[in-house]
Amino acid sequence: MVGITDAWFTVTQIDDTTFAISEFGHWEKVHSYLLIGEEKAALIDTGLGIDNIKRITDQLTSLPIIVLTTHVHWDHIGSHSEFKDIYVHKDEEDWLINGIKQLSIEQIRKDVSRDITLPTPVTFNSATYRPYQGKPTGLLNDGDEIEIGNRNLTIYHTPGHSPGHISILDNHTGYLFTGDLLYDETPIYAFFPTTNPMELVQSLERISTIPHVTKIFGGHNTIGLNPDLLQEVKNTAKELRDEGLIKFGTGIHQFKGFRVQF
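If you're wondering where the values come from, they're calculated on a predicted model, not measured in any experiment.

### Remarks on the sheet that holds strand E9 (residues 152–157)
Here is step 1 of the chain: With mixed pairing, 5 strands are arranged side by side in an open sheet as E8-E9-E10-E11-E13. Each having just a single partner strand, strand E8 (145–147) and strand E13 (215–218) make up the two edges of the open sheet. Between one strand axis and the next, the sheet turns through 25° on average, direction left out of account.
Here is step 2 of the chain: In this sheet, E13 lies alongside strand E11 (residues 175–179) in parallel orientation, the contact comprising 4 bridges. When the sheet's bridge partners are listed, Leu-176 is paired in E13 with Ile-216.

### Examining the pattern of salt bridges
Here is step 1 of the chain: For the coordinates displayed, the defined rule picks out 12 salt bridges.
Here is step 2 of the chain: Across the salt bridge formed by Lys-135 and Glu-93, the nearest N and O atoms sit 3.6 Å from each other. You can see Lys-135 sitting in the loop between helix H3 (105–113) and strand E7 (138–140) and its partner Glu-93 sitting in helix H2 (residues 93–98), a full 42 residues away along the chain.
Here is step 3 of the chain: One salt-bridge network, held together by shared partners, links Asp-6, Asp-51 and Arg-55.

### Details of the packing of aromatic side chains
Each aromatic ring pair is described using two quantities: the centre-to-centre distance and the angle formed by the ring planes.
Here is step 1 of the chain: Per the counting criterion, the structure on display carries 11 aromatic pairs.
Here is step 2 of the chain: An aromatic cluster is present here, built from Tyr-33, Tyr-175, Phe-177 and Phe-217 joined pairwise through their rings.
Here is step 3 of the chain: The ring of Trp-27 carries Arg-114 above its face, with NZ or CZ at 3.6 Å from the centroid.

### A short note on unusual backbone geometry
Here is step 1 of the chain: One non-glycine residue with positive phi stands out, namely Gln-102, at about 55°.
Here is step 2 of the chain: For Gln-102, a relative accessible area of 63% puts it in the exposed group.
Here is step 3 of the chain: One non-glycine residue, Asn-150, lies in the positive phi region at around 60°.
Here is step 4 of the chain: With respect to the helices and strands, the residue Asn-150 is situated in the loop between E8 and E9.
Here is step 5 of the chain: For Asn-150, a relative accessible area of 52% gives the class exposed.

### Some remarks on the sheet that holds strand E4 (residues 41–44)
Here is step 1 of the chain: In spatial order, the strands read E1-E2-E3-E4-E5-E6-E7; together these 7 strands make up an open sheet with mixed pairing. Each end of this open sheet is capped by a strand with a single partner; those strands are strand E1 (10–15) and E7. Along the sheet, successive strands turn relative to each other by an average axial angle of 25°, direction set aside.
Here is step 2 of the chain: When strand E3 (residues 30–36) meets E4, the two strands line up antiparallel, connected through 4 bridges. The residue of E4 that forms the bridge with Tyr-33 is Ile-44.

Parameters at a glance
Residues numbered from 1 in each chain as written. Predicted model: local features only at pLDDT ≥ 70, side-chain atom pairs only at ≥ 80, totals over all residues. Heavy atoms only, no water. Pairing = 2+ DSSP bridges. Helix = DSSP H or I, 4+ residues; strand = E, 2+ residues; numbered from the N terminus. Axes fitted to C-alpha atoms, helices over the stretch in contact; angles between N-to-C directions. Salt bridge = Lys/Arg side-chain N within 4 Å of Asp/Glu carboxyl O. Phe/Tyr/Trp six-rings, centres within 6.5 Å; stacked < 30°, edge-to-face > 60°. Lys NZ or Arg CZ within 6 Å of the ring centre and 35° of its normal. Buried < 20%, exposed > 50% of the residue type's maximum accessible area, 1.4 Å probe, protein only.

In short, the description is geometric, and any link to function would need to be established separately.
Structure (structure tokens):
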């Protein structure tokens, strides 16, 4: 097992070649995931940007790293500038280049600076914090296959939380990385102007039918959810639809293992 002690990041080894890199000192409890293949590694998201995640990935692999962006929200693109090869779904290329739509820098700075429980590095200043903006190396589409050497990743376009949100299936292990489409403890958000409740539910239905999932890894909170949750997700989608709840303003809906907020 790899043992890394760090002042800001917590590294959880999922298996010999898969790691969660977490920021538990922040209220978002955000996770990025490093998947190491034989030829290169894939980093799913880069965290908050309060500290430099490359310090951690450098300790875990010497292979070239490609960044796969689940979605362009500030808490998942924080260290994008530290990497050369960045990929994003085509529907959020504009967000990555020109900024996150309908979210002010004032609100972002307020959110990034609240409820921090660990000392932050001297390089972090919430008053000057600005999310990454830049042109991606390449664009992702639904059904794309990413090969990193003895490890094939399938891209699923799963909009709703954001227009270009993706989920990623590691066909080698059966791990499903769901970003902000599915996680536990805190509500899954679909109440912002840039979210779409109907698309979110359709995306939940879609991932519930993916075969041979062995573990679910969301972008926040618990690392590694039981794949049985996908059956609950399928039941939930039907219940929300049958009760006419899939629209803005219906509030928080609690289900077994997760919550959704419209």
